[in-house]
Amino acid sequence: MVMATKKIYCAVCQKMVTGKEQKTGSERRILCSRCNTVLRAWNGVAWRFAREGD
């Protein structure tokens, strides 16, 4: 499932942004297109919100 087509709220930018998808090994991440903060991460089972420091 490609999640990067939907707008996601970025807490850093405080705006709705279209994320860009990044694949790192077996994990997929959705990054903010403005500030490159990790917004969501896929661990193979479910999407999870990225906490500060992830």
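Chains are numbered independently. Their residues run from 1 in the order of the written sequence. Totals for whole chains, interfaces and linings use all residues, but because this is a predicted model, local features are given only for residues with pLDDT of at least 70 and pairs of side-chain atoms are given and counted only at 80 or more. Just so you know, side-chain values use all the structure's heavy atoms and leave hydrogens and water out.

### Here we look at unusual backbone geometry
Piece 1. Positive phi outside glycine occurs at Gln-14, with the angle close to 60°.
Piece 2. Secondary structure elements follow DSSP: runs of H or I of four or more residues count as helices, runs of E of two or more count as strands, with numbering from the N terminus. Locating Gln-14 in the fold gives a position in the loop between β1 (7–10) and β2 (15–18).
Piece 3. Positive phi, normally seen in glycine, also occurs at Asn-36, with a value near 60°.
Piece 4. Mapped onto the fold, Asn-36 is located in the loop between β4 (27–31) and β5 (38–42).
Piece 5. When a residue's accessible area, from a 1.4 Å probe over protein chains only, is under 20% of the maximum for its type it is buried; when over 50% it is exposed; and in between it is partly exposed. Taking relative accessible area as the criterion, Asn-36 reaches 46% and is therefore assigned partly exposed.

### Quick word on the pattern of salt bridges
Piece 1. Any carboxyl oxygen of Asp or Glu within 4 Å of a side-chain nitrogen of Lys or Arg constitutes a salt bridge here. Tallying each qualifying case throughout the model produces three salt bridges.
Piece 2. Across the pair Glu-21 and Arg-28 runs a salt bridge, and its minimum N-O distance is 2.5 Å.
Piece 3. In this structure Arg-28 comes out as buried when scored by relative accessible area, which is 18%.
Piece 4. The salt bridge involving Arg-29 is made with Glu-27; its shortest N-O contact spans 3.0 Å.
Piece 5. One salt-bridge network, in which partners are shared between bridges, spans Glu-27, Arg-29 and Arg-48.

### Focus on the environment of Met-16
Piece 1. Along the chain, the position of Met-16 falls in strand β2.
Piece 2. Separated by ten residues in sequence, Met-16 and Lys-6 have C-alpha atoms that sit 9.5 Å apart.
Piece 3. Pairs of residues are marked as contacts when any of their non-hydrogen atoms sit within 4.5 Å. Contact partners of Met-16, with chain neighbours within four places excluded, come to Lys-7, Ile-8 and Tyr-9.

### Points about the pairing of β1
Piece 1. Here β1 shows a buried face lined by Ile-8 and Cys-10 and an unburied face lined by Lys-7 and Tyr-9.
Piece 2. Sheet analysis places β1 next to β2, joined by four bridges and oriented antiparallel. Bridge pairing in β2 links Cys-10 to Lys-15.
Piece 3. DSSP bridges decide pairing: two strands pair if at least two such bridges lie between them. Turn length for the β1-β2 hairpin, with the two strands adjacent in sequence and antiparallel, is four residues, and the turn residue Gln-14 shows positive phi of about 60°.

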